[in-house]
Amino acid sequence: MTPHPLILHHFEASPFSEKIRLAFGHKKLAWTSVITSRIMPRPDLMPLTGGYRRTPTLQIGADIYCDTQIILRELEARFPQAPLCPDGHAGVPWALAMWSDRSFFQNSVNLVFGTLADKVPQDFIEDRERLRGAKFDVAAMRAAIPQMKDQFRAHVDWIETQLGDGRPWLLGAFSLADINAYMNVWYAQGNLGGFTEMLGGFPRVTAWTARMKAVGHGTRTDISPQDALELAAKATPLSPVIADPDDPNGRKPGDMVSVTPDDYGKVAVTGEIVSLSAQHIAIRRKDERARDIVVHFPRAGFIVSSV
Ligand SMILES: N[C@@H](CCC(=O)N[C@@H](CS)C(=O)NCC(=O)O)C(=O)O
């Protein structure tokens, strides 16, 4: 058992957070919830992440995991019971995130915000414009609804086809593939009126959605952002030093680097490498309030640069 609680910094409506809540449910884990604001500022979270501002992040003591890919990897390593990848499917469920988190998600975001249109609060639009460094153009999204419906249907049709032989889950047994694929369906379902009609032609997806909901979220306790920050300040990061002799750029523990998402929200987090591999990089940083912190990132979808 981990000596520190699993603290998820998230907000209820966040589809990426739903992936992690479902992983907690599947693994029947007890976890601690910290609700972050949907928009910046997040003054008690930034000392932990070093500026990374996407949602969610997982905190285990003074180790902070940024991005669902690395959060799920860590949960799988610490809690291998009820695995996220069934036998014979160790790689593909991870790779599927590049479909669900990017192409399918962008399609879903455009569909949801195009449909909500006038109801999207101005402060949210401004926050996401700062994040993307580009206009969050709700009118353009509204104009593109017909095309977004076509694309959404194509994505959902893949899920329906995969379930076509009557299997309960995409790979036979429950897996991360289900979590990844479901994220966008959950998001659209929660935000779009008439969604059930849209899924009318997809009976297997409709039944699968009900099974996904039944996975649940594990056992949740709530604390405040301030309490979480205090727990980190009192803890010591537990990540061991791990070198990667095959690192293609010769990076090694002790090197100073910055790590930045390569899609949007391109805030660089800077620190000293503690541990790295093909799938992760962990960097040590100091913060006045959080003290010694190690921040963990995935490699796919992130840019590592020397500083
Ligand atoms: N690649 C990230 C994407 C996370 C993401 O984009 N989350 C949305 C919320 S669901 C977000 O961060 N929006 C901007 C924000 O909350 O600051 C992951 O897998 O965790």
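Scroll up a little and you will see the structure.
Here we summarise the structure given alongside this text. Bear in mind the structure is a predicted one, so any value in this text is a computation, not a measurement. (Residues numbered from 1 in each chain as written. Predicted model: local features only at pLDDT ≥ 70, side-chain atom pairs only at ≥ 80, totals over all residues. Heavy atoms only, no water.)

Now for the packing of helix α5 (residues 97–116) against helix α9 (residues 176–191). Here α5 crosses α9 at 5 degrees, and the two axes come no closer than 9 Å. Relative to α9, α5 is oriented roughly parallel. Here Ala-97, Trp-99, Ser-100, Asp-101, Phe-104, Phe-105, Ser-108, Val-109, Val-112, Phe-113 and Leu-116 of α5 lie close against α9, whose contacting residues are Asn-180, Ala-181, Met-183, Asn-184, Val-185, Tyr-187, Ala-188 and Asn-191. Each residue belonging to the contact of α5 with α9 can be placed in one class, and the counts come to 13 nonpolar, five polar and one charged. (Axes fitted to C-alpha atoms, helices over the stretch in contact; angles between N-to-C directions. Helix = DSSP H or I, 4+ residues; strand = E, 2+ residues; numbered from the N terminus. Parallel < 35°, antiparallel > 145°, perpendicular 65-115°, else oblique. Contact = heavy atoms within 4.5 Å. Nonpolar A, V, L, I, M, F, W, Y, C, P; charged D, E, K, R; others polar.)

All told, the structure shown has 15 aromatic pairs when counted by the stated rule. Look at Phe-124 and Phe-136: their rings are 6.1 Å apart centre to centre, the planes differ by 80 degrees, and that puts the pair in the edge-to-face class. Taken as a pair, Phe-124 in helix α6 (residues 122–132) and Phe-136 in the loop between α6 and α7 (138–143) lie far apart in primary sequence, twelve residues in all. Given the relative accessible area of 4%, Phe-136 is considered buried. Sitting over the face of the ring of Tyr-264, Arg-132 holds its NZ or CZ atom 4.6 Å from the ring centroid. Lying across the ring of Trp-169, Arg-211 places its NZ or CZ 5.8 Å from the centre. (Phe/Tyr/Trp six-rings, centres within 6.5 Å; stacked < 30°, edge-to-face > 60°. Buried < 20%, exposed > 50% of the residue type's maximum accessible area, 1.4 Å probe, protein only. Lys NZ or Arg CZ within 6 Å of the ring centre and 35° of its normal.)

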